[in-house]
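Below are the chains, spelled out letter by letter.
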Amino acid sequence: MKIKYILTVVTIVAITQHSFAQFSEDAVRFSQSQYGSTARMKAIGNAQTAIGGDLSSISGNPAGIGFFTKSEASFTPEFNATGVKSSYLGQTGNANSNNLNFNNASVVFYTKVNSPAGADKGKGWLSVNFGASYNRSANYYEAIGYQGTNSTNSITNYYADLANSGGIDNGSSLQDFAYDHQLIDLYTGNIYKSNVFNTNGAPNKPVNQNENIIREGGQTEFSFSVGANYSNQLYIGGGIGITSIRYNMTRAFNETGSASILDNNNQPITVNYNSSFTQDQATTGTGFNLRLGLIYKPVEAVRVGFQFTSPTWYTVQDDYAEGLQTTFSGNATGTLRSGPEDYQTTYSFNSPLKASAGLAFFIGKSGFITGDVEYIDYSSISLSTGDGYNNAAPDNHDIKTLYKSTANAHVGGELKLDQLYLRAGYGVQGNPYKYIGNNTNTISGGLGYRFIGGYYLDVTYANVNGTQQTAPYTLVASGAPTASLNKTTNNVFLTFGFRF
Amino acid sequence: MKRNITLGILFIGAIALSSCSTQNKIASVKTEDDVYFTKAKAGDEPVYAAANTDTYRHDNYSNADRSADYYYYDSYESRLNRFYGYSPYGSPYYSNLYYGYSPFSPYSTGITLGLGLGYGAYNYYGYSPYSYGFGYNPYYGYSPYGSYGGYGYGGGSYWGPYSYYNTVPGYVVVGNNNTRQYRGSGLPGTSVGSGYTGYGSAGSYPPANRPSRTSINNPNNGGSQTVSQRPARTTTTQPTYQPQPQQYTPPPSNNNSGSSSSSSSSSSGSSSSGGGGRPVRP
């Protein structure tokens, strides 16, 4: 219903200027990072808000590092296997990507606070601990492939929409490429139309479409935090995060079919065409944020945690290139190449602020269960202009209208059998899209062992699954094809840590 | 395979570290886990042998008054002072921080982090191209042992005329006419523009009054050929056309010299024969 409404609005009027960019999708992508954590926290669903005393606190709730009574360090490599099952116009596909990464390295320095001799050593400010960590907070590796036969429209309809909204002029835009390649023409009524599907006698025959997308990179964060312990009951902390984005994307949309083009005497002839629209993107960025946290133990067995993470203020350098190649066969032969046209852009944006609250119940020293809820408003993402990007309004409008606020929830538990730990967790990452998409679910489990002498080993398996929709192109008229992508990531994390 | 190697390295590393650990930490007989009810205990303040028991130390801002009475011979501060002669920040802060005496003193690490946020508000390193690196160096950026970390994120120069970015060759301001174009939201159910009318004044849709061009330069299609205007076609009926295979040399929009070899000889239709560009199609 809502989509229909949007389409109606869209059909009524679509006005566009051709000198602005599209970064809303990327800004949302870069805003979906996770708190860096150890394998232990990942095993309990990353429900870290109310649990202190784990090195995950450095990049999560900084109050948690107030729990430390000794200095501690750990490192965590990860293995990710990402598979995307696609469904497009009735056909299914599959693509996989595996990679090995360094996920987390953390250290906390325990610093005792001194009090006068004779004072109660368990009251007042007892310690101020400092922590630093490196985290891989987002993983962008994925390969996507889908194909299908489209009998109602073609990407050339999209090019015609672009030409009608942006005009054909300077020769370097995508619609100019499409016009040069005779995929679209100007028709009576001063309107650009597809030469494949339209009402003026184009072939109107089904076209074969396929798209391959490869994404690489990730987001990392350096976190610096301080946490203090008051009477072993109240813990407060704060910290900063310095983030770094590396994101590369290549995608190629290929279409084969029949088109009506004008020959050298401007007479229409029907030819077979094979046209590929390619996009390459290399994006880097840096950002920083602030964190504040609190954990309170009303009674020994219960912990209540609150955490506030400011928006991350990012500055992004975006290098994007697009090109079009079309080969004709049949009644006309030849290959046309346009581009790649390169666009270098700098822009800035802020991710949403995050607020979370958590609760934990401890069963003596035999284990605990915990959960937390985190609020994120994706529609609060805001982009700002930069070099080569002089109008952020369309992207900000897309963000306001297509994304929403959501909640992430995590629950998990740990069973402590002396030196052996058993853990399980579940997490739901809320769907940021207003009209499409689903939640992403994470199921996790793990084992840990604490050795005599103050070192430990934790191993965690996490399965992340979610379905998203993507449109290879969009149309003013209804009927643009949608690819449904079911992404499953199997992760293994291994943490080795020691106290000193 | 890669994974096996990593696991192997980890395992060997674990064994290696465990052997160190057991030698060095024999006293630690039980496992500890700060998640579970460990209790922090405050330490004892050092007791000074000075006659003056005023712990506020009136001499904070006068290095001249410092004497060995006020601090440990072996303290960090005193060692520093022996080495440098004096300490620029009122030496007690070194010893206090190091021994945990006053975590909230104005030169403590907490404040250090605060300064670091300012992107070079305290731009001590000014134009140094290396200041960027300090931001990520946990020793300078986060050292609990001194206030130097305050200069850590020397970002003032980060954006300055000698900044990190502007030193990248060729990465300079890109003109508006090379702006990456809007390609839609990427989401189903939307279209270019998404029905949004705030994009500017490019005209209405369908475009009724786009300015016509006399000629354009089209660098993407064979260099710098001049493409003539594509005039409107006057006929409104589609010409009858018998398809016949022909040698076709695209792009036809550039052949205003008429150099293309063959052509079909069908009828009428176009009023644009003089221009040679592609006409408006019926």
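S.K.: How do you make sense of the overall build of chain B when you look at a structure like this?
M.R.: The helix and strand inventory of chain B stands at six helices and three strands. Starting at the N terminus and walking to the C terminus, you meet the elements of chain B as α-β-α-α-α-α-α-β-β. Each of the 282 residues in chain B was classed as buried or not, and the buried ones make up 27%. Here the contacts in chain B between residues at least 6 apart in sequence split such that 52% fall between residues at least 24 apart.

S.K.: When you look at the overall build of chain A in this model, what are you seeing that I'm missing?
M.R.: Along its length, chain A carries six helices and 21 strands. With 500 residues in all, chain A has 58% of them scored as buried. Taking as baseline every contact in chain A between residues at least 6 positions apart, the subset at least 24 positions apart corresponds to 70%.

S.K.: It is not clear to me how the nonpolar core should be interpreted in this structure. Could you clarify?
M.R.: Side chains of nonpolar character tend, in soluble globular proteins, to be buried together. All names here are of chain A. In terms of nonpolar packing, the biggest core is built from 45 residues, with Val108 and Tyr235 touching the most fellow members. Listed by contribution, the elements that provide at least two residues to this core are helix H3 (39-43), strand E2 (91-109), strand E4 (125-139), strand E8 (207-230), strand E9 (234-262), strand E10 (268-296), strand E14 (354-362) and strand E21 (483-499). The element that contributes the greatest number of residues to this core is E4, accounting for five residues. Excluding residues within four positions of it along the chain, Tyr235 makes contact with Gly52, Ala63, Gly64, Gly66, Phe67, Gly227, Ala228, Asn229, Leu294 and Ile295. One finds Ile168, Leu174, Val196 and Tyr273 within the second-largest nonpolar core, a separate group that totals 36 residues.

S.K.: Sorry, what's going on with unusual backbone geometry here?
M.R.: Backbone phi values are negative for most residues with the exception of glycine, while trans is the configuration of most peptide bonds. For the bond running from Gly339(A) to Pro340(A), omega is 0°, close enough to zero to count as cis. By secondary structure assignment, the location of Pro340(A) is in strand E13 (residues 334-350).

S.K.: Which parts of the structure should I look at to understand the pairing of strand E6 (residues 184-187) of chain A?
M.R.: Along a regular strand, successive side chains alternate from one face of the sheet to the other. All names here are of chain A. Here E6 shows a buried face lined by Ile184 and Leu186 and a second buried face lined by Asp185 and Tyr187. Both E6 and strand E7 (residues 191-194) contribute to a ladder of four bridges, which runs antiparallel. Among the inter-strand pairings, Asp185 is bridged to a residue of E7, identified as Lys193. In this structure, the hairpin formed by E6 and E7 is closed by a connection of three residues, where Gly189 is found at a positive phi of approximately 100°.

S.K.: Just checking my understanding: could you explain the confidence of the model for chain B for this structure?
M.R.: Do not read the fine detail of predicted coordinates wherever pLDDT is low. Residues and elements named next belong to chain B. Per-chain confidence: chain B averages 45 in pLDDT, with 9% of residues scoring 70 or above. The lowest-confidence element of chain B is strand E2 (residues 215-218), averaging 28 in pLDDT; the highest-confidence one is strand E1 (residues 43-44), averaging 85. In the predicted structure, residues 20-29 sits below a pLDDT of 50 and forms 10 contacts with residues beyond four places in sequence or in another chain. Note on residues 192-276: pLDDT under 50 across the span, and 186 contacts to partners over four residues away in sequence or across chains. Under the prediction, the complex receives an ipTM of 0.75, its pTM being 0.68.

S.K.: Could you clarify how one ought to interpret the pairing of E10(A) in this entry?
M.R.: All names here are of chain A. Here E9 runs beside E10; their pairing, made up of 29 bridges, is antiparallel. Across the sheet, residue Met249 finds its bridge partner in E10, namely Gln281. With 18 bridges joining them, E10 and strand E12 (residues 313-330) adopt antiparallel strand pairing. In the sheet register, Ala282 faces E12, and the bridge partner there is Asp319. Pairing analysis gives six bridges linking E10 to strand E11 (residues 302-309), with the strands arranged antiparallel. Across the sheet, the residue bridging to Tyr296 is Val304, located in E11.

S.K.: Just to check I follow, could you spell out helix H2 (residues 24-31) of chain A for this structure?
M.R.: Residues separated by three or four positions in an α-helix point in the same direction, a consequence of the helix having 3.6 residues per turn. With seven of its eight residues buried, H2(A) lies for the most part within the structure. Along H2(A), the residues classified as buried are Ser24(A), Asp26(A), Ala27(A), Val28(A), Arg29(A), Phe30(A) and Ser31(A).

S.K.: Explain helix H6 (residues 393-402) of chain A here, please?
M.R.: Along H6(A), the residues that are buried comprise Pro394(A), Asp395(A), Asn396(A), Asp398(A), Ile399(A) and Leu402(A). Residues of H6(A) that are buried sit in contact with H2 and strand E16 (382-384) of chain A.

S.K.: What's the story with the environment of Gly287(A) in this structure? I'm lost.
M.R.: Residues and elements named next belong to chain A. Examined against the element boundaries, Gly287 turns out to sit in strand E10. On the neighbour-count criterion, Gly287 (23 C-beta atoms within 10 Å) is buried. For the pair formed by Gly287 and Thr243, sequence separation is 44 residues and the distance between their alpha carbons is 4.9 Å. Dropping the residues within four chain positions of it, Gly287 is found in contact with Thr243, Thr312, Trp313 and Tyr314.

S.K.: How should I be thinking about the environment of Leu475(A) in this particular structure?
M.R.: Tracing the sequence through the fold places Leu475(A) in the loop between strand E20 (455-470) and E21. Remark: the alpha-carbon pair of Leu475(A) and Tyr159(A), spanning 316 residues in sequence, is separated by 9.1 Å.

About the criteria used
Residues numbered from 1 in each chain as written. Chains lettered and ligands numbered in written order. Predicted model: local features only at pLDDT ≥ 70, side-chain atom pairs only at ≥ 80, totals over all residues. Helix = DSSP H or I, 4+ residues; strand = E, 2+ residues; numbered from the N terminus. Buried ≥ 20, exposed ≤ 12 C-beta atoms within 10 Å, placed from the backbone. Contact = placed C-beta atoms within 7 Å. Core = buried A, V, L, I, M, F, W, Y, C linked by C-beta atoms within 7 Å. Pairing = 2+ DSSP bridges. pLDDT = per-residue confidence, 0-100.

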